[in-house]
Amino acid sequence: MSSKDLCLSILEKCNVPVNSSEPWSLQVKNEKLWDRVASQHQLGLGEAYMDGWWECEDIDEMLTRLLTVDATSFLKPSIPLVASALKSRILNMQTKSKAAKNAKHHYNIGNDLYTRMLDSEMAYSCGYWQNAKTLDEAQIAKFDLICRKLKLEKGMTLLDIGSGWGGLLRHAVRNYGVIATGISPADQQIILAREKSAGLNINFVQMDYRDLTGRFDRIVSVGMMEHVGPKNFKEFFTKCDELLVDDGIMLHHLISSTVPQSNTDPFFNRYIFPGGVIPSPGQISNAAEGLFVLEDTHNFGLDYETTLLHWYKNINSKWDEIPQYDLRFRRMWNYYLLASAAGFKARHLHLNQYVFRKGGVLAPYLPVR
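Bear in mind the structure is a predicted one, so any value in this text is a computation, not a measurement. (Residues numbered from 1 in each chain as written. Predicted model: local features only at pLDDT ≥ 70, side-chain atom pairs only at ≥ 80, totals over all residues. Heavy atoms only, no water.)

## Notes on the sheet that holds strand β7 (residues 244–257)
Pairing in this open sheet of 7 strands is mixed, and the strands run β5-β4-β3-β6-β7-β9-β8 from one edge to the other. Each edge of the sheet is formed by a strand with only one pairing partner; in this case those strands are β5 (202–206) and β8 (293–299). Each strand of the sheet is rotated relative to its neighbour by a mean of 15°, with strand direction disregarded. Where strand β6 (residues 216–222) and β7 come together, 6 bridges link them in parallel fashion. Bridge assignment links V222 to a residue of β7, and that residue is H253. Along the sheet, helix α7 (residues 135–150) contacts β3 (157–161), β6, β7, β8 and β9 (349–357); its crossing angle with β7, the most-contacted strand, is approximately 145°. (Pairing = 2+ DSSP bridges. Helix = DSSP H or I, 4+ residues; strand = E, 2+ residues; numbered from the N terminus. Axes fitted to C-alpha atoms, helices over the stretch in contact; angles between N-to-C directions. Contact = heavy atoms within 4.5 Å.)

## Thoughts on the pairing of β6
Burial analysis of β6 places 6 of its 7 residues in the buried class, the great majority of the element. Crossover β6 to β7 through helix α10 (residues 233–243) is right-handed. (Buried < 20%, exposed > 50% of the residue type's maximum accessible area, 1.4 Å probe, protein only. Right-handed = clockwise from strand over helix to strand, strands pointing away.)

## Some points on the packing of aromatic side chains
Under the defined criterion, the tally for this structure stands at 27 aromatic pairs. Here K13 stacks its cationic end above the ring of F74, 5.1 Å away from the centre of that ring. Lying across the ring of Y49, R331 places its NZ or CZ 4.0 Å from the centre. (Phe/Tyr/Trp six-rings, centres within 6.5 Å; stacked < 30°, edge-to-face > 60°. Lys NZ or Arg CZ within 6 Å of the ring centre and 35° of its normal.)

## Topic: the packing of α7 against helix α8 (residues 167–176)
Helix-helix packing: each pair is described by the crossing angle between the helix axes and the interaxial distance. Where α7 contacts α8, the two axes come as close as 10 Å, and the packing angle between them is 65°. The two elements α7 and α8 cross, and the hand of that crossing is right-handed. Of α8, the residues touching α7 (which contributes I140, F143, D144, I146, C147 and R148) are G167, L168, H171, A172 and Y176. Residue classes in the contact of α7 with α8 are distributed as 7 nonpolar, 2 polar and 2 charged. (Left-handed = near helix turned anticlockwise from the far one by under 90°. Nonpolar A, V, L, I, M, F, W, Y, C, P; charged D, E, K, R; others polar.)

## A look at the state of the cysteines
What we call a disulfide is simply a covalent bond connecting the sulfur atoms of a pair of cysteines. All chains considered together, the criterion is met by 0 disulfides. Here C7 stays free of any disulfide, with the sulfur of C14 as its closest cysteine sulfur at 11 Å. (Disulfide = S-S within 2.5 Å.)

## Things to note about the pattern of salt bridges
Between side chains of opposite charge, a pair can form when the charged atoms approach closely. Following the criterion strictly, the structure yields 19 salt bridges and no others. For the salt bridge of R36 with D51, the shortest nitrogen-to-oxygen distance reads 2.9 Å. Pair noted here: R36 is in helix α2 (residues 33–50) and D51 is in the loop between α2 and β2 (54–55), with a separation of 15 residues, a long-range link. Here E321 makes a salt bridge to R116, at a shortest N to O gap of 2.9 Å. Taken together, the residues span a long stretch of sequence, with E321 in the loop between α13 (302–316) and α14 (327–345) and R116 in helix α6 (residues 111–117) at a distance of 205 residues. Under the relative-accessibility criterion, E321 is labelled partly exposed at 44%. Linked through salt bridges whose partners overlap, the residues forming this network are R36, E47, D51, R270 and R328. (Salt bridge = Lys/Arg side-chain N within 4 Å of Asp/Glu carboxyl O.)

Written out as structure tokens, the structure is:
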């Protein structure tokens with residue numbers, strides 16, 4: 001069977017038409033697309049879009065349909081992709097030096113892009129849309145949900161591992177009176193976080209979590225665990241055990257997969273989050289075993305689809321303000337946002353919040369929503 005016939009048969013299974021009028025129809029501009037997808041799978045499809053080889057009016061719906069039937073399972077294994085997966089399993093792709101390089105690859109591409117895409121507090125993670133109508137409201141609701149789950153009180157010390165541009169810490173300091181510390185390996189994030197947080201009791205430090213010392217009443221990470229890597233999960237939780245006081249509370253907000261992962265989607269690994277791996281709930285709980293008690297889990301993954309589509313709308317209304325990002329980059333970025341939205345819509349990806357405490361005699365933990 002030719003590459004084209006194979007791909008067309010898969011698209012038929014997914015109910016994705018070709019060169020048709022439906023919004024989710026694949027509009028083929030270059031017939032070389034079929035060989036590229038057959039040999040490179042997700043990477044080939046994403047790169048072909050970057051190169052203008054295909055168009056689609058409703059990309060996230062098309063990709064959702066592909067994911068729903070696990071379209072890549074019908075393709076033959078690719079030697080380069082298999083080699084990349086083996087490399088991830090054998091090597092630690094998130095050592096200190098690699099983690100810093102990986103973070104800068106994504107978060108240092110330009111604050112001018114992120115300020116146009118994100119909400120006013122620059123929260124680069126899933127909002128909480130239960131009662132929110134705007135992106136700003138959803139991100140503030142997420143901040144407050146985390147603060148309430150952590151049961152913050154005035155004067156407590158709060159550590160944010162991977163603190164981004166500092167929005168959560170600003171909310172916690174202003175509304176709960178905590179003393180905050182935020183760390184990130186991305187220097188451009190730290191610089192802007194300090195600017196946005198001037199006058200507040202927040203200490204932002206550019207560093208790797210493995211180098212941190214001290215003790216904190218509360219620990220949080222938001223969108224950080226995806227960058228830790230399976231080979232480092234146990235070390236991460238061991239470090240958190242060292243940093244958290246005995247009666248403290250810890251919350252991790254992260255994207256979760258449905259099955260254990262040792263490597264990531266090849267398109268995302270090359271262009272978006274090098275070295276990133278989305279953990280399963282089992283990988284998280286296994287790494288925490290013997291150190292922490294899991295007090296609460298909360299899945300609101302469909303809220304991430306809504307968040308991503310707001311980011312997509314925001315950035316596509318302002319590309320003309322940042323012409324330094326060329327057309328190929330714009331198509332790459334749009335594909336990243338819409339492919340991510342499809343992952344959550346198809347429920348291949350989830351957004352989980354895990355609340356942990358240490359063992360021993362403690363008052364009951366009452367979950368918050």
